[in-house]
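Topology and contacts: notes
Listed below, chain by chain, are the residues.
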Amino acid sequence: MGSSYHSLKTRDGGEGMAEQEVVPEGVDPNIPSVARMYDYYLGGKDNFASDREAAERFIRILPGIREMARENRAFLSRVVELLARQGVRQFLDIGSGLPTQDNVHQVARRVAPESRVVYVDNDPIVLVHGRALLDDSPFTSVVQADMREPEKLLAHPQIESDIDFGRPVAVLMISMLHFIPDEALVTHIMATIRERLAPGSHLVVTHAFAGEVSAETHEAAQEVYRPTTAGAIVPRGPERLTELLGGMELLEPGVVPVEAWRPGHDGEVTVDFTRPSILGVVGRV
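Residues numbered from 1 in each chain as written. Predicted model: local features only at pLDDT ≥ 70, side-chain atom pairs only at ≥ 80, totals over all residues. Heavy atoms only, no water.

1. Comments concerning the pairing of strand β3 (residues 140–144)
Convention followed: Using a 1.4 Å probe on the protein chains alone, a residue whose accessible area is under 20% of its type maximum counts as buried, one over 50% counts as exposed, and one in between counts as partly exposed. Helix numbers and strand numbers start at the N terminus; a helix is a DSSP run of H or I with at least 4 residues, a strand a run of E with at least 2. Pairing between two strands requires that DSSP report at least two bridges joining them.
Burial within β3 is extensive, with four of its five residues counted as buried. Where strand β2 (residues 116–121) and β3 come together, five bridges link them in parallel fashion. Looking across to β3, one finds that valine 120 is bridged to valine 143.

2. Things to note about the pairing of strand β1 (residues 90–94)
Applicable threshold: The path from the first strand over the helix to the second decides the hand: if it runs clockwise while the strands point away from the viewer, the crossover is right-handed.
With five of five residues buried, β1 lies mostly within the body of the structure. Taking every second residue as pointing to the same face, both faces of β1 are buried, with Gln90, Leu92 and Ile94 on one and Phe91 and Asp93 on the other. Handedness of the crossover joining β1 and β2 through helix α4 (residues 104–111): right-handed. For β1 and strand β4 (residues 170–174), the ladder comprises three bridges, and the chain directions are parallel.

3. A word on the packing of aromatic side chains
Note the cut-off: Ring geometry is summarised as follows: Phe, Tyr and Trp rings, the Trp one being its six-membered ring, pair when their centres sit within 6.5 Å, and such pairs are stacked at plane angles under 30 degrees, edge-to-face over 60 and tilted between the two.
Under the definition given, this model contains five aromatic pairs. Measuring from ring centre to ring centre gives 5.2 Å for phenylalanine 58 and tyrosine 225, while their planes differ by 85°; the resulting arrangement is edge-to-face. Separated by 167 residues along the polypeptide, phenylalanine 58 in helix α2 (residues 49–61) and tyrosine 225 in helix α9 (residues 215–225) bring together distant segments of the chain. Take phenylalanine 58: its relative accessible area is 7%, and that puts it in the buried class. The class of tyrosine 225 is buried, set by a relative accessible area of 4%. On the numbers, 6.0 Å between centres and 80° between planes, the contact of phenylalanine 209 with phenylalanine 273 is edge-to-face. Taken as a pair, phenylalanine 209 in strand β5 (residues 202–209) and phenylalanine 273 in the loop between β7 (256–257) and β8 (277–284) lie far apart in primary sequence, 64 residues in all. A relative accessible area of 14% places phenylalanine 209 in the buried class.

4. Focus on unusual backbone geometry
For the peptide bond that leads from glutamate 252 to proline 253, omega is 10°, which places it in the cis range. Position of proline 253 among the secondary structure elements: in the loop between β6 (249–250) and β7. If you check the backbone angles, phenylalanine 139 has positive phi at about 60° while not being a glycine. With respect to the helices, strands and loops of the structure, phenylalanine 139 is situated in the loop between α5 (124–133) and β3. The exposure class assigned to phenylalanine 139 is partly exposed, which follows from its relative accessible area of 40%. We note that serine 175 has phi near 55°; this positive angle belongs to a residue other than glycine. One can find serine 175 in the loop between β4 and α8 (183–196).

5. Notes on the confidence of the model for the protein chain
The predicted coordinates ought not to be read in detail in places where the model reports low pLDDT. Rules: A score from 0 to 100, pLDDT tells how confident the predictor is in each residue. Note on definitions: a residue-residue contact is assigned when non-hydrogen atoms from the two residues lie within 4.5 Å.
Averaged over every residue, the pLDDT of the protein chain is 90; residues scoring 70 or more account for 91%. When the criterion is pLDDT under 50, residues 1–14 qualifies, and its contacts beyond four places in sequence or with other chains add up to 32 contacts.

6. Looking at the nonpolar core
Basically, it comes down to this: The criterion is simple. A nonpolar core is a set of buried Ala, Val, Leu, Ile, Met, Phe, Trp, Tyr and Cys residues joined through side-chain atoms within 4.5 Å.
With 46 residues, the main nonpolar core has Tyr41, Phe91 and Tyr225 as its most contacted residues. Per-element accounting of this core gives the leading share, ten residues, to helix α3 (residues 65–85). Excluding residues within four positions of it along the chain, tyrosine 41 makes contact with Ala55, Phe58, Ile59, Ile65, Arg66, Ala69 and Tyr225. Residues Ile94, Val143, Ile180 and Met248 belong to the second largest nonpolar core, which totals 33 residues.

7. Comments concerning the environment of glycine 26
Within the secondary structure, glycine 26 sits in the segment before α1 (34–41). Owing to a relative accessible area of 78%, glycine 26 belongs among the exposed residues under this scheme. With 98 residues separating them in the primary sequence, glycine 26 and proline 124 have C-alpha atoms 7.9 Å apart.

And the structure:
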């Protein structure tokens, strides 16, 4: 791949990336990355000591975060499969994070092998992993871009080449918007994306939700995320997520914790908006 991050499979005793490895230019392994922390929550090994330490601090604040992360991934898989079965053949995954099991292209292609998938992230390690994984994968690309500059992102030559915005596309924003504290910027990002979507397109969002946690717990969470690459984590609720979808038709059951969004089994999932969770919603043009 021509990357300086040349030995991703070397591990330090099975607990994480070997600290002596050469990292991509611009990456400081001493600064926790939200992508690598999420990888740690999911049980992955593509993380540094700083990521593990920050993640463990957050686990002490919110012990259920590992299960929430797994439910978040399961939600993504269910939605991608559903949309592929409904005929969507283009997927734009903004803030894709580190590869894990059942990545978007794998799920979509089990239904429709011709599906096109573009992964977007601004983390150099994510880009190296993604490109290595997708070296031999047709109709799939990995792009470096930042969701905080949505016009620039959507105008990226690779995205413009691979995604036809005149046809239905699913834009995925999985656990990304809560890292942007600026409400005006969040509104702008979502409006810019919505404006590009043709009829039949979908916008898929998951987002941290605080429920009724105490002010002390909220501040403790902020203390964990301030030193990270994101610099903040800002929970938002169902009303705000509905507002950000700007009048799009919400697929049933609307905005709910991800584990309650069409769970795919017979057992009922109790929705409790007093508890912290990751909310999920799918809007359709």
